[in-house]
Number of protein chains: 2
Amino acid sequence: MGQNLIEKQLKSTEIYEGRILNLRIDNVKLPDGNEAKREIVEHAAGVTIIPYLQDTGEVIMVRQFRNPAEQILLEMPAGMLEINEEPKRCARRELEEETGYKAGDLKRIGSFYTSPGFCDERIHLYLAQNLSKYEQHTDVDEFLEVLKIPLEDLKNKLYTPEIIDAKTIIGVQFLLNYLQKD
Amino acid sequence: MGQNLIEKQLKSTEIYEGRILNLRIDNVKLPDGNEAKREIVEHAAGVTIIPYLQDTGEVIMVRQFRNPAEQILLEMPAGMLEINEEPKRCARRELEEETGYKAGDLKRIGSFYTSPGFCDERIHLYLAQNLSKYEQHTDVDEFLEVLKIPLEDLKNKLYTPEIIDAKTIIGVQFLLNYLQKD
């Protein structure tokens, strides 16, 4: 099943090799035998952390300026895997660096592609609980503000201009469904 | 508030101009006065449709091969806006082209960036109801399989290898929360 959907790569041409992404063009053979070109962005994998404070019902969020969106977004803490870094280790590191909190419990939820039509970026999602305050130390080119926001407020901000990035919407919706199960 | 987070664009260099995406490098001034480079992918905006059959509790889904993920994914119907196309018109068109269904009701949920750290791709999300069968006619380089799947099954497939793309996870989680409110 599905054999008639598969594309076969005929040729792959590197267009750009950069710091956080590469661009290539693949020539592919379609299921009907015709050929097509695919523009593909190769991007490092990343993590997103849902840092949930059970006692207060708050989530630790970050506000940061996003150049492609040309605005400040309210997001869940996130970051890219370093070379050979395990996703779970990266989640711990990014949570500490961005928010200054350590997670007593860090549970893997799963992973997802951000935009599988043209990009191989994959994000690993973690739920962080039993949090304790530590200290924040962001990267040199990273400027962000840390806030604790009640989950109920985040729910109301979904799809408003404040929360409009996919990983954060996924995190908030996940947490809403997850807590309803208890 | 947030002024101290904003980056200022100093220079922008076009690296590649393609069919579905462009790549540019921005030199930016950071809030502390230092400079940094940002690799940015410009990508056409798109739509994702949640086609929900109230009578049976099923969602109309598509299976298609995704080159960057190197596998067949189970996704909600989606597509890119044509030049000057309104998102709602695009949602109607893509739903009809990909699944062969027309929507009696098409409700805008909101929009989101798929990966705002490096890409300006924005997806507009719609809930389609009162669906009637029409006929499927996909693009020449598009091969997909249409399936009706109970929402409960989709819920169980979240974060398994079958459903691992962001827009589809957002759509399924949205529908789960939306129906719980009724």
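Keep in mind the model is a prediction, meaning the values are calculated, not measured. (Residues numbered from 1 in each chain as written. Chains lettered and ligands numbered in written order. Predicted model: local features only at pLDDT ≥ 70, side-chain atom pairs only at ≥ 80, totals over all residues.)

Peer 1: What's the story with the interface of chain A and chain B in this structure? I'm lost.
Peer 2: Reports often express the size of an interface as the amount of accessible area lost when the parts come together. Residue-level contacts link 57 residues of chain A with 57 residues of chain B. Those elements giving two or more residues to the side of chain A that touches chain B turn out to be strand 1 (8-17), strand 2 (21-29), strand 3 (35-43), strand 5 (58-66), strand 6 (71-75), strand 8 (101-113), strand 10 (144-150) and helix 3 (166-181) of chain A. The element contributing the most residues to the side of chain A that touches chain B is helix 3 of chain A, with seven residues. (Contact = placed C-beta atoms within 7 Å. Helix = DSSP H or I, 4+ residues; strand = E, 2+ residues; numbered from the N terminus.)

Peer 1: How do you make sense of the relation of the copies chain A and chain B when you look at a structure like this?
Peer 2: Both copies of the chain are related through a single rotation about an axis accompanied by a shift along the same axis. Mapping chain A onto chain B calls for a screw motion: a turn of 180° about the axis and a shift of 0.0 Å along it, with 0.0 Å RMSD after fitting. With respect to symmetry, the two chain copies, as superposed, fit the operation of a two-fold axis. Interface residue correspondence from chain A to chain B reaches 100%, placing this contact among same-surface, isologous pairings. (Least-squares fit on C-alpha atoms with pLDDT ≥ 70 in both.)

Peer 1: Just to check I follow, could you spell out the sheet that holds strand 2 of chain A for this structure?
Peer 2: Whether parallel or antiparallel, the strands of a sheet pair through hydrogen bonds between backbone atoms. Residue and element names in this part refer to chain A. Taken together, the three strands give an open sheet; going across it, the order is 1-2-3, and neighbouring strands pair in antiparallel fashion. Because the sheet does not close on itself, it has two edges, and the strands there are strand 1 and strand 3. Across the sheet, the axes of successive neighbouring strands diverge by a mean angle of 25°, strand direction being ignored. Sheet topology places strand 1 next to strand 2; eight bridges connect them, and they run antiparallel. Bridge pairing in strand 2 links Gln9 to Val28. (Pairing = 2+ DSSP bridges. Axes fitted to C-alpha atoms, helices over the stretch in contact; angles between N-to-C directions.)

Peer 1: Just checking my understanding: could you explain the pairing of strand 1 of chain A for this structure?
Peer 2: Put simply, side chains in a regular strand alternate between the two faces of the sheet. Across the ten residues that make up strand 1 of chain A, only a small minority, zero, are buried. Count of turn residues in the strand 1 of chain A/strand 2 of chain A antiparallel hairpin: three residues. (Buried ≥ 20, exposed ≤ 12 C-beta atoms within 10 Å, placed from the backbone.)

Peer 1: Help me understand the domain arrangement of chain A in this model?
Peer 2: Residues and elements named next belong to chain A. Here chain A is described as being made up of domain 1 (3-42) and domain 2 (44-181). Placing the centre of domain 1 and that of domain 2 at their C-alpha centroids yields a distance of 31 Å. Counting residues at the interface gives five residues for domain 1 and five residues for domain 2. Of the residues belonging to the side of domain 1 that touches domain 2, the class tally is three nonpolar, no polar and two charged. (Domains from an automatic or database assignment. Nonpolar A, V, L, I, M, F, W, Y, C, P; charged D, E, K, R; others polar.)

Peer 1: Looking at this structure, how should I read the environment of Glu58 of chain A?
Peer 2: Residues and elements named next belong to chain A. Position of Glu58 relative to the elements: it lies in strand 5. Sequence separation between Glu58 and Tyr159 is 101 residues, and the spatial gap between their C-alpha atoms is 19 Å. Contacts of Glu58, omitting those with residues within four sequence positions, involve Leu53, Lys148, Ile149 and Pro150.

Peer 1: Quick question: what am I supposed to make of helix 1 (residues 87-99) of chain B here?
Peer 2: Owing to its 3.6 residues per turn, the α-helix aligns residues three or four sequence positions apart on the same side. All names here are of chain B. Counted at 1.5 Å a residue, the expected span for helix 1 with its 13 residues is 18 Å, and the 18 Å between its end C-alpha atoms agrees. Those residues of helix 1 that fall on the buried side of the exposure criterion are Cys90, Ala91, Glu94, Leu95, Glu98 and Thr99. Taken end-on, helix 1 shows its buried residues confined to a sector of 130°, consistent with a single buried face. Trailing helix 1 by a residue or two, Gly100 shows a phi angle of about 80°, which is positive. (Expected span 1.5 Å × (residues − 1). Arc of directions from axis to C-beta.)

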